[in-house]
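Here is how the chains run, residue by residue.
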Amino acid sequence: MQRSRWVGAGVLASALVLTGCSSGPAGVAAKQNSKATLELWTRTTPGGPGEQGALKLAAAFTKATGYKVKVTAIFDDFETKLQQRAAQKKLPDIVMNDVTQLGAMHSQGLLREIDLDKIKDSEQIIGQGLDSGKSVDGKQYGLPYSAQASALLIRKDWRQKLKLDTPTTWDDFAAMAKAFTTKDPDGNGKKDTSGLAAPLSTKRGYASWYFSNFLWAAGGDFITEAGKGTYKPAMTSTASVKAVQWFRDLGCKDKAIQPGAVTMDTPPTNETFESGKTGMFVVGPYLLPRFDETLGKDKYEVVPMPKGPKDATVLAEGGSVYLMAGSDNEAGQDAFASFAVSVEGQKTGMEGDTAYTVQLPVNKAVDVSQVRPDPRWKTYSQAYQDSGRYAPSIPNWTPVRQATADTLNALMADCSLNTEAKLGDLDKQLADILKEQGIDAS
Amino acid sequence: MSLDQAEPVAAPAAAPGPRAPGRGRAAATARQGRSRRSGRWWTPWLFLAPALILFLYFKFIPMANALTMSFQEVQPYLGNKWVGTENYSTVLQSHGFREAAWHTVVLAAGQTAGSMALGLVLALLMEGQGRRLRFVRSAAFLPVVVPIAVVAELWRIMYHPTGDGMLNSLLGLVGLGPSGFINDPDTSMASIMLTGIWRGAPYDMMIILAGLTSVDRGLYEAAKVDGASRWQRVWYVTVPGLRSVFSILFILAAIRGLRVFTEVFLLTNGGPDGSTEVVMTLIYKLGLEQSRLGVGAAGAVLLFVATLILTVVVQLLRRRESK
């Protein structure tokens, strides 16, 4: 019995020793080997066209430079899997992910600073795209390889049947959403259509993501800059409250948003548009190939977002190349970043009808209408240049997006809630988040 | 043949020798007996070693790591920083933690009670040896083996919140609805609970069915002779006979209930309006979506402690009852 206890104690002690061994700081400077295969993770559906596009880009890079790349596509829980690799201190060499992930990764020390002098064509990158890759201290930690902005997709056949014009104001937009909901635009004799498709689940903060198109066009904001890199909450400003109320009325009064929107993330929301249950969708260009195939190119049209109370600002986003810390092939990392933004890399990334990695080019020397003659792409490109706005670069944008998504989800799910009271609570939460990140204005 | 039998232990006590005092001889005999019975001390450890090594690397070390991380700001490439109990206070003070804890308890209690009650009813209905029963039992067990992601998607379709949704059209037949189900903060919790019960009941049914075989048939006969009704026979014979089965099921179901995550994550992700937010989804959001692993680890440790307390309390109650 005594011996058994000793054995048990030994097992526990060795567990603790091993645990202790594995929790020390990692050696950031790994021994370099320019022949080492670069491990690249891209946030796209495995087996889908996005992965094909990434493979094509990687192959072109290998052909041009000689560096080898192994591509891994991950869509679900990308950030979680990255955290797991971070815990193992074995990050992939390159990550291609949303621009808004910069703050979270940078604050954890997962990123290597990008030296723009080592990036050929860096002066050719579109200004706001380049800025989106800067951390709060102004240093470059991400390099955009693709950009996108939101535009409005409308069921053309529905609009023509109801003899409506393309909306140019928010009033037109609301009127069309209402008409698509109540006037049986598909002519099946049933009240089974809705005006607007909207992913309003809290997963990844989708509700906030989607709503930012309306919030910014109204002149509202999640947080506003208060000078010297500090911010203050702004969801109780008059413009923000008005934007929330207007959007809420679309769901609560007009019932013009698809049923079940508050628990839907993007895949089921996409399905409502392609299956003819919703007539409008505010979304980036990445869904065009999918809807062309499932719905038909002739069934819908792409138009700029109608002007809001302030202007026609829309959410600009995109993907960035992140060079991860601890890589044993930093030369290869730099070479890949250079290639991804070069004219050749951008054109390669845009090739094809479906399997492309680059939505809108970030290199000024690449003209989207020359690579893709489809005028719908020009609409997106124009929206990005004229009205696109990125989320601000703060240490960690995710908590802001999550908190605003939670509140918006609540307001859309329960129409009896008091808008101003809920937004007041939200501002307090946002103030705490800003304080925790050390960027509050107080 | 055991290792002991293959390699007889040298037994000095068996050899003739100087006469030992009575007490000493008795002790020696006892030692010898124990030695023969239990063999070398490390023999059981040898057999346990493969499992222990796997557990050590895939369970206990990660658990110890999580405990360490719960006191740190986790930054693998900058070096983790000790922050004391700050992560715990972040979790405990986080927006909606108390609500999430309450939702977890409600969901765990509802799913546990519902699954056990439905499982008992199913088990009583399907007890027997008939071939058809075997088929029906297998069919009833299907929800347990279907992947949870598929279950969640099926129920999402069934819960479609308009009148032409599957469950709503059934409600419409009896003049009710349409209900928002998972999309309405008033009904979302009950909807998730129903999905959990649907999935958990067949599992409970199988264990209860196994337990039913140990209930003495003679007791049913005796109760019948004494004039007990069918309901009385279930209440006074079957239920007491299944007491140990129930207590094990209770622990398993309650732990499962406290750790509920996947169905909530897939069906509602804690919404709408936070009405189905449970501790695990909150930990996931704080720890993994917001990349604050230390905070997530603190939440996980808190949940582990709660589960441990629940298990110990149930065990103590069982022990007191058996005395």
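Owing to the predicted nature of the structure, the values given are computational and were not obtained by experimental measurement. (Residues numbered from 1 in each chain as written. Chains lettered and ligands numbered in written order. Predicted model: local features only at pLDDT ≥ 70, side-chain atom pairs only at ≥ 80, totals over all residues. Heavy atoms only, no water.)

Focus on the sheet that holds strand S9 (residues 278-283) of chain A
All names here are of chain A. Read from one edge of the open sheet, four strands run S6-S9-S5-S10, paired in mixed fashion. Either end of the sheet is taken by a strand with one partner, and the two such strands are strand S6 (194-197) and strand S10 (300-303). Here the average twist between neighbouring strands, direction ignored, is 20°. Bridge count between strand S5 (residues 151-155) and S9: four bridges; the pairing is antiparallel. (Pairing = 2+ DSSP bridges. Helix = DSSP H or I, 4+ residues; strand = E, 2+ residues; numbered from the N terminus. Axes fitted to C-alpha atoms, helices over the stretch in contact; angles between N-to-C directions.)

Let's talk about helix H7 (residues 148-158) of chain B
Residue and element names in this part refer to chain B. Turning to H7, its buried residues are Ile 148, Val 151, Ala 152, Trp 155, Arg 156 and Met 158. Along H7, the residues classed as buried sweep out an arc of 160° about the axis, all on the same side. The inward-facing, buried residues of H7 contact helix H6 (131-145), helix H8 (166-173), helix H9 (188-212) and helix H13 (262-267). (Buried < 20%, exposed > 50% of the residue type's maximum accessible area, 1.4 Å probe, protein only. Arc of directions from axis to C-beta. Contact = heavy atoms within 4.5 Å.)

Quick word on the pattern of salt bridges
Residue and element names in this part refer to chain A. Evaluation of the coordinates by the stated rule reveals 23 salt bridges over all chains. The partner of Arg 155 in a salt bridge is Asp 157, with the nearest N and O atoms 2.8 Å apart. Of the charged contacts in the structure, one is a salt bridge between Arg 376 and Asp 374, with a shortest N-O distance of 3.0 Å. In this structure, Arg 376 and Asp 374 share a single accessibility class: buried. Here the salt bridges share partners, and the residues they tie into one network are Asp 292, Lys 297, Asp 374 and Arg 376. (Salt bridge = Lys/Arg side-chain N within 4 Å of Asp/Glu carboxyl O.)

Quick notes on the confidence of the model for chain A
All names here are of chain A. Per-residue pLDDT for chain A averages 89, and the proportion of residues at 70 or more is 94%. Summarising per-element confidence for chain A, the mean pLDDT is lowest in helix H1 (residues 2-21) (47) and highest in S5 (97). Predicted confidence is poor over residues 11-27, with pLDDT under 50, and the contacts of this stretch with residues over four places away or in other chains come to 20 contacts. (pLDDT = per-residue confidence, 0-100.)

What to know about the pairing of strand S3 (residues 94-98) of chain A
All names here are of chain A. Along S3, five of the five residues are buried, which leaves the element largely enclosed by surrounding structure. Summarising the sheet, S3 and strand S11 (residues 314-323) pair through five bridges and their orientation is antiparallel. Across the sheet, the residue bridging to Asn 97 is Ser 320, located in S11.

A look at the interface of chain B and chain A
At the junction of the two partners, chain B supplies 37 residues and chain A supplies 50 residues. Buried area between chain B and chain A, both sides added, is near 3800 Å², and the carbon and sulfur share of it is 58%. At the surface where chain B touches chain A, the tally comes to two salt bridges. Between chain B and chain A we count 11 residue pairs in polar contact (both at pLDDT 80 or more) in total. The set of elements that each furnish at least two residues to the side of chain B that touches chain A consists of helix H3 (43-69), H13 and helix H14 (279-289) of chain B. (Buried area = accessible area lost by both parts, 1.4 Å probe. Polar contact = N/O pair within 3.5 Å; in protein donor to acceptor, adjacent residues only side chain to side chain.)

Some points on the state of the cysteines
Residues and elements named next belong to chain A. Throughout the structure, instances matching the rule amount to one disulfide over all chains. Across the disulfide, Cys 252 is cross-linked to Cys 415 (sulfur-sulfur distance 2.0 Å). One disulfide, between Cys 252 and Cys 415, carries an S-S torsion of -85° and so falls in the left-handed class. Pair noted here: Cys 252 is in helix H9 (residues 238-252) and Cys 415 is in the loop between helix H16 (398-413) and helix H17 (419-436), with a separation of 163 residues, a long-range link. (Disulfide = S-S within 2.5 Å.)

Remarks on the side chain of A:Gln83
When you line up the elements, A:Gln83 lands in helix H3 (residues 78-87). The exposure class of A:Gln83 is buried, given its relative accessible area of 4%. Separated by 2.7 Å, the side chains of A:Gln83 and A:Gln108 make a polar contact. Each residue touching A:Gln83, except ones within four places of it in the same chain, is listed here: A:Gln108, B:Leu288, B:Ser291 and B:Leu293.

Section: the nonpolar core
Membership of the largest hydrophobic core comes to 113 residues, with the highest contact counts inside it found for A:Phe214, A:Phe247 and A:Leu250. Of the residues forming this core, the biggest block, nine residues, is contributed by helix H8 (residues 206-217) of chain A. Look past the residues within four positions of A:Phe214 in its chain and what remains in contact with it is A:Trp170, A:Phe173, A:Ala243, A:Trp246, A:Phe247, A:Val282 and A:Met305. In this structure, B:Met126, B:Leu212, B:Val215 and B:Tyr220 belong to the second largest nonpolar core, which totals 20 residues. (Core = buried A, V, L, I, M, F, W, Y, C linked by side-chain atoms within 4.5 Å.)

Quick notes on the environment of A:Glu51
Position of A:Glu51 relative to the elements: it lies in helix H2 (residues 49-65). The residues touching A:Glu51, leaving out its near neighbours within four places in the chain, are A:Thr44, A:Thr45, A:Pro46 and A:Ala73.

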